[in-house]
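Per-entry structural report
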There are 2 protein chains.
Amino acid sequence: MKENALVAQAGGPTTVINSSLSGIISQCLKEPSIDNIYGCHWGMLGLVEDNLIDLTQEEAATIEGLKYTPSSALGSSRYKLQESDMPRVLEILQKHNIRYFFGIGGNDTMLNVYQIEKYCREQGYELYGMGCPKTVDNDHFGTDHTPGFPTAARYVALSILQGGILARDMQKVDQFVIYQTIGRDAGWLAAAAYAAKQSECDPPHIILLPEVPFDADKFFKKFENVYNRCGFVSIICGEGIVYADGTPVSASKITDNFSNVEFGAMGGTSAAMMLHRMICDKYDYRGEFQVPESLPMCSADRAVASDIEEAFELGQEAVALACRGSSGLMTTLVRKGKLPYKVSIGAFPLDQVAAKTKPIPAKYIAEDGMMMTEKFREYIDPLIGELPEYVRLKFIPVK
Amino acid sequence: MKENALVAQAGGPTTVINSSLSGIISQCLKEPSIDNIYGCHWGMLGLVEDNLIDLTQEEAATIEGLKYTPSSALGSSRYKLQESDMPRVLEILQKHNIRYFFGIGGNDTMLNVYQIEKYCREQGYELYGMGCPKTVDNDHFGTDHTPGFPTAARYVALSILQGGILARDMQKVDQFVIYQTIGRDAGWLAAAAYAAKQSECDPPHIILLPEVPFDADKFFKKFENVYNRCGFVSIICGEGIVYADGTPVSASKITDNFSNVEFGAMGGTSAAMMLHRMICDKYDYRGEFQVPESLPMCSADRAVASDIEEAFELGQEAVALACRGSSGLMTTLVRKGKLPYKVSIGAFPLDQVAAKTKPIPAKYIAEDGMMMTEKFREYIDPLIGELPEYVRLKFIPVK
């Protein structure tokens with residue numbers, strides 16, 4: 001008897017999650033053992049609420065178009081599956097004769113897929129549960145990188161490259177610029193800005209990572225040094241940077257001129273804004289902070305072609321593996337070649353990837369803790385793809 | 001005797017100012033009456049400080065490459081030319097045998113070119129002074145639109161389109177999103193987001209313009225209405241929105257060199273952040289604010305092809321007109337055709353354009369003051385160019 005497949009997208013979006021969804025649907029349609037393919041509407045919430053939609057009835061053009069459509073077409077949520085939800089989940093899976101379950105998501109989602117698969121097995125219900133990685137934070141264990149990260153990284157690198165030219169040309173007006181990236185615990189996206197840097201005075205000048213405790217003295221020392229050598233300072237910071245004692249920089253108790261502002265409230269302040277204030281308080285400089293927030297997570301016009309393709313293949317492979325009897329795995333990207341860049345698709349046990357985060361390895365962080373190393377360039381450049389080259393005048397003085 | 005030409009870029013940057021510079025240099029090289037072409041290093045500051053560079057010595061590839069290089073390759077400044085600077089300016093123009101002076105800039109720059117040309121004429125020094133418009137704010141008089149605006153507007157529309165899909169798909173987690181644009185007095189860039197909207201529940205849902213006093217009651221009423229109908233709210237605000245009494249919504253009290261209030265991230269706070277606080281205080285909702293600040297002013301990878309071309313032609317024409325005896329004019333874009341879009345190059349007296357700003361005409365603003373009209377779509381769509389189309393699932397429920 002033919003059986004049905006179910007797919008869920010969970011957690012925050014990326015530009016290419018729908019490409020994985022496209023890969024999963026298209027592969028399901030090819031597999032003889034799968035009859036209908038259903039989707040959870042609104043992520044894991046859709047699962048516990050039996051809010052399923054029928055993806056078998058979508059047009060071929062829609063399934064193809066998903067490759068290029070940002071965000072989570074099925075709708076997402078951050079619903080945290082409880083142990084107590086499991087009987088209900090099993091009941092729903094049985095009701096719809098679902099034997100294949102695919103979760104596209106981050107570390108929490110991988111944990112959920114693992115828990116569901118384990119519970120079903122314990123109850124004697126045969127379910128093939130497979131995960132497909134997704135997060136712009138790039139903090140999954142077991143994979144060279146995570147789909148969505150290369151595109152978000154490219155967005156960051158383009159912003160720093162172009163915003164850096166602007167800052168250079170405007171240095172008589174504004175002395176600094178601060179760009180803030182998402183990524184609470186891991187600084188991969190902030191680090192990605194390094195791809196824009198070719199020489200000492202090219203932006204970014206200072207990279208602040210959540211992995212490295214923020215030290216105001218060291219920061220200001222580097223700031224002054226860069227300003228004196230380059231004439232302006234380009235700073236990039238991860239949103240989650242913290243002081244040595246763990247206090248978030250974004251929530252520090254710096255004197256506030258605006259009585260309306262309370263620091264530390266959810267989303268009501270930002271690390272970049274606090275750094276801006278600290279610099280303005282200390283020097284007579286002018287600058288700006290840029291907080292594009294989730295925009296790099298949906299920038300389909302800036303998508304890296306290989307990111308779209310890899311996300312698609314990770315989806316296809318998750319289905320192919322499940323249909324050949326695998327379960328409890330997340331499909332992964334394995335770097336096979338540095339130059340030229342080459343990856344193959346692998347798989348990694350869900351219980352080893354679930355709910356852990358992968359910080360930036362020490363070898364990628366420069367000694368001063370505020371810049372990346374050349375080893376990191378080997379990692380990041382092939383993911384982001386070529387950046388545009390811009391001209392620069394010779395500045396030959398007229399006598 | 002052959003004479004020399006001088007060009008300055010002044011004020012804030014755009015993605016295509018260098019395209020106008022490219023047009024000016026390339027046309028100067030073609031004109032038999034012009035010998036050398038010089039540039040002011042760091043805008044008008046370079047002029048008063050006799051900091052000129054020799055553009056005649058640049059490679060052809062560099063001059064061509066300027067068309068695609070964002071920001072102000074000559075370096076810019078916001079130096080405010082004083083009446084007392086004029087004798088010095090005249091002395092420098094005479095010293096270098098400069099007969100042609102081109103300023104690429106905003107309203108203040110047009111005023112400067114006008115003042116220099118007038119002073120020289122009064123002193124019996126024959127100078128041909130011409131302006132070339134530039135500002136992402138689109139607030140120049142006398143031109144259908146200003147180079148740099150279409151590209152920045154496209155950046156805004158893309159951000160709202162893609163960020164809107166993200167907000168729609170994440171509505172179970174975040175109920176609203178606020179995007180802030182630059183533009184202190186004119187809301188053209190905030191208005192541009194309208195290009196992303198096709199139907200009622202498409203973002204943006206609320207557009208807040210500096211031209212329309214902010215009314216918190218009306219805002220919350222519309223917010224609730226949109227939330228109930230669409231499930232999430234996408235808001236775009238100009239950085240310079242003010243209450244009816246003129247108080248900035250951003251609560252910023254910091255002023256710049258021209259005593260203008262710094263509304264954006266420069267002021268250490270932002271209108272988007274304050275709106276975010278107001279919404280969170282009133283409802284139990286979660287959302288984010290996005291402040292990309294000057295990034296839309298340098299997004300060369302998102303440049304509109306016609307914007308680059310128009311900027312180039314405005315530069316060429318300024319030189320061509322000056323070499324045929326015109327002076328005291330700014331070259332302009334005149335809309336000749338709606339469908340298909342067609343513009344021609346015109347010219348407008350500098351003294352009529354200088355130091356004025358062009359607000360959004362009332363016919364483009366919807367009755368509630370928080371949305372644009374269909375008339376505005378006719379204006380904006382051809383400037384921005386086609387936006388990507390994304391797919392949407394049918395959401396057929398599984399019984």
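Residues numbered from 1 in each chain as written. Chains lettered and ligands numbered in written order. Predicted model: local features only at pLDDT ≥ 70, side-chain atom pairs only at ≥ 80, totals over all residues. Heavy atoms only, no water.

1. With respect to the domain arrangement of chain A
All names here are of chain A. Segmentation of chain A into domains returns domain 1 (3-148 + 300-353) and domain 2 (152-299 + 361-384). Summed over both partners, the interface of domain 1 with domain 2 comes to about 1,700 Å²; 52% of that surface belongs to carbon and sulfur atoms. At the junction of domain 1 with domain 2, the criterion picks out 0 salt bridges. At the junction of domain 1 with domain 2, the criterion picks out 12 residue pairs in polar contact (both at pLDDT 80 or more). (Domains from an automatic or database assignment. Buried area = accessible area lost by both parts, 1.4 Å probe. Salt bridge = Lys/Arg side-chain N within 4 Å of Asp/Glu carboxyl O. Polar contact = N/O pair within 3.5 Å; in protein donor to acceptor, adjacent residues only side chain to side chain.)

2. Section: unusual backbone geometry
Residues and elements named next belong to chain A. Residues Pro203 and Pro204 are joined by a peptide bond in cis, for which omega reads 0 degrees. Tracing the sequence through the fold places Pro204 in the loop between helix 7 (188-192) and strand 7 (206-208). Of note, the phi angle at Asn138 is positive, near 60 degrees, even though the residue is not glycine. Within the element layout of this structure, Asn138 appears in the loop between strand 5 (128-133) and helix 6 (149-169). On the basis of relative accessibility, which here comes to 0%, the residue Asn138 falls in the buried class. Even without being glycine, Phe395 reaches a positive phi, approximately 55 degrees. In this fold, Phe395 is placed in the segment after helix 12 (374-384). (Helix = DSSP H or I, 4+ residues; strand = E, 2+ residues; numbered from the N terminus. Buried < 20%, exposed > 50% of the residue type's maximum accessible area, 1.4 Å probe, protein only.)

3. Examining the side chain of Gln290(A)
With respect to the secondary-structure elements, Gln290(A) resides in strand 9 (residues 287-290). Engagement of the side chain of Gln290(A) in a polar contact is seen with the side chain of Glu288(A), the distance being 2.7 Å.

4. Concerning the interface of chain B and chain A
Across the boundary between the two partners, chain B contributes 84 residues, which contact 83 residues of chain A. Taking both sides of the interface into account, the surface hidden between chain B and chain A amounts to around 7,100 Å²; carbon and sulfur atoms contribute 65%. The interface formed by chain B and chain A contains 4 salt bridges. A salt bridge links Asp301(B) to Arg302(A); the shortest N-O distance between them is 2.8 Å. (Contact = heavy atoms within 4.5 Å.)

5. Focus: the sheet that holds strand 5 (residues 128-133) of chain B
All names here are of chain B. Across the sheet, 7 strands lie side by side as 3-2-1-4-5-10-11; this open sheet has mixed pairing. Each edge of the sheet is formed by a strand with only one pairing partner; in this case those strands are strand 3 (52-54) and strand 11 (342-349). Averaged over all pairs of adjacent strands, the angle between their axes in this sheet comes to 30 degrees, without regard to strand direction. Against the sheet, helix 10 (residues 305-323) engages strand 2 (34-40), strand 4 (98-105), strand 5, strand 10 (329-337) and strand 11, with an angle of about 165 degrees to strand 5. (Pairing = 2+ DSSP bridges. Axes fitted to C-alpha atoms, helices over the stretch in contact; angles between N-to-C directions.)

6. A few points about the packing of helix 1 (residues 17-30) of chain B against helix 10 of chain B
Residues and elements named next belong to chain B. Across the interface, helix 1 lies against helix 10 with an axial gap of 7 Å and an inter-helix angle of 40 degrees. Viewed along their axes, helix 1 and helix 10 form a crossing whose handedness is right-handed. Every residue of helix 10 that contacts helix 1 at Ser19, Ser20, Ser22, Gly23, Ile24, Ser26, Gln27, Cys28 and Lys30 is listed here: Ile308, Ala311, Phe312, Gly315, Gln316, Val319 and Ala320. Here the residues of the contact of helix 1 with helix 10 are counted per class, giving 7 nonpolar, 8 polar and 1 charged. (Left-handed = near helix turned anticlockwise from the far one by under 90°. Nonpolar A, V, L, I, M, F, W, Y, C, P; charged D, E, K, R; others polar.)

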